[in-house]
Amino acid sequence: MGQGFLQVPFGIWYSQAKLLLEFTAVLWIIAIVDIGCLNQSIFRTLAQPPRTLGGFFYLPISCLFHIDWRHLVSNTTYLLIFGGVIVFRDPSQFLMVTLVSAFGVGWATWLVGRNRTAYLGSSGVVFGYLGFITARSILEKDAIGAVVLAWLLFSFFFGQKDFVSALDSGDTAVGIDKVVPNINRAIWKAGKTFWLILPGENPQMSWEGHLFGLASGVLAAQYGNVLKPWVNQFAAWVQQSR
């Protein structure tokens, strides 16, 4: 995935790791103000549906808002893990992947999203990170590593609870007949996660954001060298405007 951790100047690694933490902090500050203090009045004021002028500007920043604390905590965990993987392996790519994912999800949803629907949440960016990590591994002829990485991370989050519950079942010795079924459920849940990019039973889930996020991450992996100069110019403009 490009330059590794030990091949990148510490200043670049530190600045991108700091950027990841700052992005996470912004999500929490917005949630504290909007959810904790204002009963989501900011979100309700800014949120606009697809194919409207307001939605064109709102949807790329919809990743900054969350429906409740559980939604925020879940996305924060994934952001730190998958974003941390990108920062660790190739920090120079982090900002580019984040912006491509956010704007890719936002504008793709604006084009084909559901009518009269208010989108929010950073899960699209998370899937962008996952798409980038997996695509870069495949492009670098490490397809097995990409599959193993994705499976391990998803299994850790979606299957850990089941596995630990087996170990904490009260028995002094947990037999393999008790542990294996829980491992099987963990694998099933890990695989089931990939269905989040397709229409599901939960109408409140933004499967479009997940799908477009994954596609945006793959796009960033394939055309990162072309996109990064544009992202750097945008970042410089933002820095000068502060």
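See the structure above.
Residues numbered from 1 in each chain as written. Predicted model: local features only at pLDDT ≥ 70, side-chain atom pairs only at ≥ 80, totals over all residues. Heavy atoms only, no water.

(A) Representation of a nonpolar patch on the surface within the structure. A contiguous nonpolar surface patch, about 630 Å² in accessible area, is contributed by I29, I32, V33, L38, I42, L46, I61 and W69. For the nonpolar patch, the elements supplying multiple residues, two or more each, are α1 (10-37) and α2 (41-46). Residue V33 is classed as partly exposed on the basis of its relative accessible area, which comes to 34%. (Patch = residues over 30% accessible without salt bridge, like charges linked within 9 Å, V, L, I, M, F, W, Y side chains within 5 Å. Areas by Shrake-Rupley, 256 points an atom, 1.4 Å probe, with all protein chains shown as cover. Salt bridge = Lys/Arg side-chain N within 4 Å of Asp/Glu carboxyl O. Helix = DSSP H or I, 4+ residues; strand = E, 2+ residues; numbered from the N terminus. Buried < 20%, exposed > 50% of the residue type's maximum accessible area, 1.4 Å probe, protein only.)

(B) Spatial organisation of the pattern of salt bridges. As enumerated under the stated definition, the model contains one salt bridge in all. Between R114 and E208 there is a salt bridge, with its nearest N and O atoms 2.7 Å apart. With R114 in the loop between α5 (94-112) and α6 (123-139) and E208 in helix α9 (residues 207-241), the pair connects residues that are 94 residues apart, well separated along the chain. With relative accessibility at 27%, the residue R114 sits in the partly exposed group. Residue classification places E208 among the buried positions, given a relative accessible area of 2%.

(C) Fine view of the packing of aromatic side chains. Within the structure shown, the criterion is met by nine aromatic pairs. Measuring from centroid to centroid gives 5.2 Å for F56 and W107, while their planes differ by 15°, and the two rings are stacked. Taken together, the positions of F56 in helix α3 (residues 53-58) and W107 in helix α5 put the pair 51 residues apart, joining distant regions of the chain. The exposure class assigned to F56 is partly exposed, which follows from its relative accessible area of 30%. A ring pair is formed by Y78 and F82, whose centres lie 6.1 Å apart and whose planes are at 5°; its orientation type is stacked. Taken together, the positions of Y78 and F82, both in helix α4 (residues 69-89) and four residues apart, correspond to about one turn of that helix. As far as burial versus exposure is concerned, Y78 and F82 are alike and both buried. Taken together, F56, F57, F103, W107 and W110 form an aromatic cluster joined through their ring pairs. (Phe/Tyr/Trp six-rings, centres within 6.5 Å; stacked < 30°, edge-to-face > 60°.)

(D) Local environment of α6. Over its 17 residues, α6 runs 24 Å from end to end, which matches the ideal 24 Å to within 8%, given 1.5 Å per residue. Most of α6 is tucked away, with 14 of its 17 residues classed as buried. Downstream of α6 by one or two residues, K141 has phi in the positive range, about 65°. (Expected span 1.5 Å × (residues − 1).)

(E) Structural context of α5. End to end, α5 covers 27 Å across 19 residues, agreeing with the expected 27 Å (1.5 Å per residue, within 8%). Among all positions of α5, only F94, M96, V97, T98, L99, V100, S101, A102, V105, G106 and T109 are buried.

(F) Structural detail: the environment of K228. Relative to the helices and strands, K228 is located in helix α9. For the pair K228 and L95, spaced 133 residues apart in sequence, the C-alpha separation works out to 8.6 Å. Apart from residues lying up to four places away in sequence, K228 is in contact with S92, Q93 and M96. (Contact = heavy atoms within 4.5 Å.)

(G) Molecular detail of the packing of α1 against α5. In the contact formed by α1 and α5, the axes pass within 9 Å of each other and the chain directions differ by 35°. Each of Q16, L19, L20 and F23 in α1 lies in contact with α5, whose residues at this interface are F94, L95 and T98. The residue makeup of the contact of α1 with α5, split by class, is five nonpolar, two polar and no charged. (Axes fitted to C-alpha atoms, helices over the stretch in contact; angles between N-to-C directions. Nonpolar A, V, L, I, M, F, W, Y, C, P; charged D, E, K, R; others polar.)

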